[in-house]
Structure formats: structure tokens, C-alpha cells
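Take a look at the letters that make up each chain.
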Amino acid sequence: MDTQEEINRVTEEAIKRCANYANQEWVQEAIAVCVPLIKGFIGREFTIDPLYDRIQKNVSAETHNLSALGPLMRQFWAMGLIEPVVDPLTNRQKTRESVRKEAHKKPQRVWRAL
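Note that the coordinates shown come from a computational prediction; the quantities given were computed from them, not determined experimentally.

(A) Structural view of the overall build of the protein. Along the protein, the regular secondary structure elements total four helices and seven strands. Starting at the N terminus and walking to the C terminus, you meet the elements of the protein as α-α-β-α-α-β-β-β-β-β-β. Computed over the C-alpha atoms, the radius of gyration of the protein is 15 Å, within 12% of the 13 Å expected from 2.2 N^0.38 for a compact globule of 114 residues. For the protein, the proportion of its 114 residues judged to be buried stands at 34%. Put simply, 68% of the contacts in the protein that link residues at least 6 apart link residues at least 24 apart. Carbon and sulfur atoms provide 51% of the accessible area of the protein, an area that totals close to 7500 Å². Distance from the positive charge centre (17 side chains) to the negative charge centre (15 side chains) of the protein: 5 Å.

Dropping the structure here:
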């Protein structure tokens, strides 16, 4: 197995673990508050930051780790609500620095609402 295959395998395993351990009540509430927000972004690019803010303000259930946001974004992608944005110059996923102070400008994947 080459290095990229191993990275992909480990990434997929981590995402599945996050999804499996997420509080399912939190997941359902997060979906309910995020889908209308995503629909308001149709045709626009965004990061997870506004979804994070919406979840923090409107979801009463808790999950032990907000890494569950990654599988949630994949679920929105599978639902056909969003797609990852690829930088045409580099042919790699497009990222932006997070605007959330606690994220310390960490790069966030850019998504496009469909």
C-alpha cells in the first residue's frame, strides 16, 4: 500500500469513528438547524464556521467531540446539498483560514452549496 492509500484509509477510519461515537440526538438536531442555512448559501462557497456557530447557538444536545462535524459535512455532501471546492490552479481542495478565534486560523475545507 502506498503512502496516499494509507493516509486515505486512516482518514476514513477516523471519520467513521467520529460518526459512530457522535450523540445521535446531536446529529439530528445539527442536521435540522444546518440544512436551512446551507440552502441559504446556494451557489456560494463557505466553510464550516457558520454551521459551527449555528450549531453552538441552536442545538441543545451535546456530543463529546465536535469532530463529528466532519462526518456531518460528508452526510450533507451525500445528500447532494454541498460539494467540496477544488482550486483550479492546484487541483487540490480549496481551504480558508477559520474565522473562529478558538480555531486559531486553522485551514478549513471550502464547500459550495448546491
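(B) Seen up close, the packing of helix 3 (residues 49–58) against helix 4 (residues 69–78). At a minimum axis distance of 12 Å, the contact between helix 3 and helix 4 shows a crossing angle of 110 degrees. The angle between helix 3 and helix 4 falls in the class roughly perpendicular. The handedness of the crossing between helix 3 and helix 4 is right-handed. Here helix 3 contributes Leu51, Tyr52 and Ile55 to the contact with helix 4, which in turn contributes Leu69, Leu72, Met73 and Phe76. A breakdown of the residues in the contact of helix 3 with helix 4 according to their chemical character gives seven nonpolar, no polar and no charged.

(C) Here's a closer look at the sheet that holds strand 2 (residues 82–84). Read across the sheet, three strands follow the order 1-7-2 without closing on themselves; strand pairing throughout is antiparallel. The sheet is open, and its two borders are formed by strand 1 (45–46) and strand 2, each paired with just one other strand. Two strands pair when backbone bridges link them, and strand 2 and strand 7 (residues 111–113) are joined in this way by three bridges, in the antiparallel orientation. Each residue of the ladder has a partner; that of proline 84, found in strand 7, is tryptophan 111. Helix 4 rests against strand 1, strand 2 and strand 7 of the sheet, and its axis sits at about 115 degrees to strand 2.

About the thresholds
Residues numbered from 1 in each chain as written. Predicted model: local features only at pLDDT ≥ 70, side-chain atom pairs only at ≥ 80, totals over all residues. Heavy atoms only, no water. Helix = DSSP H or I, 4+ residues; strand = E, 2+ residues; numbered from the N terminus. Rg over C-alpha atoms; globule rule 2.2 N^0.38 Å. Buried < 20%, exposed > 50% of the residue type's maximum accessible area, 1.4 Å probe, protein only. Contact = heavy atoms within 4.5 Å. Areas by Shrake-Rupley, 256 points an atom, 1.4 Å probe, with all protein chains shown as cover. Lys, Arg positive; Asp, Glu negative; His and termini not counted. Charge placed at Lys NZ, Arg CZ, Asp CG, Glu CD. Axes fitted to C-alpha atoms, helices over the stretch in contact; angles between N-to-C directions. Parallel < 35°, antiparallel > 145°, perpendicular 65-115°, else oblique. Left-handed = near helix turned anticlockwise from the far one by under 90°. Nonpolar A, V, L, I, M, F, W, Y, C, P; charged D, E, K, R; others polar. Pairing = 2+ DSSP bridges.

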